[in-house]
Amino acid sequence: MVGLGYIGLPTAALIASRNIKVTGVDIHQHVVDTINKGEIHIIEPDLDGLVHHVVKDKFLTASTTPVEADVYLIAVPTPFKGDHERDISYVESATRAILPTLKEGVLVIIESTSPVGTTEKMEAVIFSERP
Ligand SMILES: NC(=O)c1ccc[n+]([C@@H]2O[C@H](COP(=O)([O-])OP(=O)(O)OC[C@H]3O[C@@H](n4cnc5c(N)ncnc54)[C@H](O)[C@@H]3O)[C@@H](O)[C@H]2O)c1
């Protein structure tokens, strides 16, 4: 899971609660450190207990560096810029960050709210850098 905010952290914790190993990646060290202590940095009812449980059982680990995975979910911000235009630069940064870890046949899902065409743009980035 790339991006451990209001979408990424609950989703990561839920997947981990099904005994699937999840690595959560965030660019902010304090987010990573907080989660690795089994604590949370956002306000979300009942999430603290779930995160505590999955971190203790080692199904959820946080890191600032992406690792090799079978499935990648990108849940980074896509704020508005200008006139109702979404800024997809965070999605591109996240895509570029996972590039060195990608192997053939993995699934990459963009969970961030994105304009039509974003998936194709990121697909082009991936296949131009890792043909
Ligand atoms: N919060 C919601 O209710 C909600 C609902 C639907 C859709 N969304 C969409 O989901 C996406 C994420 O929203 P959110 O509310 O979880 O945002 P958020 O700000 O709570 O969390 C985003 C996290 O991504 C991290 N991040 C930024 N760039 C990164 C990078 N390159 N690599 C790794 N981590 C990075 C940030 O440090 C932050 O912790 C947005 O596109 C948003 O529009 C959010």
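This text gives an overview of the structure that appears in the document. Because the structure is predicted, anything quoted here is derived from the model rather than measured. (Residues numbered from 1 in each chain as written. Predicted model: local features only at pLDDT ≥ 70, side-chain atom pairs only at ≥ 80, totals over all residues.)

### Comments concerning the overall build of the protein chain
Here comes step 1: Summing up its helical and strand segments, the protein chain has five helices and six strands in all.
Here comes step 2: Mapped from its N terminus to its C terminus, the protein chain presents α and β elements in the order α-β-α-α-β-β-β-β-α-β-α.
Here comes step 3: At 15 Å, the protein chain has a C-alpha radius of gyration in line with the 14 Å of a compact globule built from 131 residues.
Here comes step 4: Relative to its full complement of 131 residues, the protein chain shows a buried share of 27%. (Helix = DSSP H or I, 4+ residues; strand = E, 2+ residues; numbered from the N terminus. Rg over C-alpha atoms; globule rule 2.2 N^0.38 Å. Buried ≥ 20, exposed ≤ 12 C-beta atoms within 10 Å, placed from the backbone.)

### Description of the site of the ligand
Here comes step 1: Neighbouring the ligand are 22 residues, the closest being Gly3, Gly5, Ile7, Ser112 and Thr113.
Here comes step 2: In terms of residues, the shell around the ligand owes the most to one element, helix 4 (residues 89-98), which gives four residues.
Here comes step 3: Its residues placed into classes, the shell around the ligand shows 13 nonpolar, eight polar and one charged.
Here comes step 4: Residues from two domains meet in the shell around the ligand; each of domain 1 (8-63) and domain 2 (71-129) gives at least three. (Near = placed C-beta within 6 Å. Nonpolar A, V, L, I, M, F, W, Y, C, P; charged D, E, K, R; others polar. Domains from an automatic or database assignment.)

### Section: helix 2 (residues 29-36)
Here comes step 1: Of all the positions in helix 2, only Val31, Val32 and Ile35 are classed as buried. In a view along the axis of helix 2, the buried residues occupy a sector of 95°, so they form one face of it. Away from its buried face by more than 90 degrees, helix 2 exposes Gln29 and His30.
Here comes step 2: Elements that come into contact with the buried residues of helix 2 comprise strand 1 (22-25), helix 3 (47-56) and strand 2 (60-63).
Here comes step 3: Looking one or two residues past helix 2, Gly38 carries a phi angle of roughly 80°, positive in sign. (Arc of directions from axis to C-beta. Contact = placed C-beta atoms within 7 Å.)

### Some words on the nonpolar core
Here comes step 1: The biggest cluster of nonpolar side chains holds 30 residues, and the ones touching the most others in it are Met1, Val2, Ala12, Leu60 and Ile74.
Here comes step 2: Of all elements in the fold, only helix 1 (8-16), strand 1, helix 2, helix 3, strand 2, strand 3 (71-74) and helix 4 reach the threshold of two or more residues within this core.
Here comes step 3: At four residues, helix 1 tops the list of elements feeding residues into this core.
Here comes step 4: Three or more residues apiece are contributed to this core by two domains, here domain 1 (8-63) and domain 2 (71-129). (Core = buried A, V, L, I, M, F, W, Y, C linked by C-beta atoms within 7 Å.)

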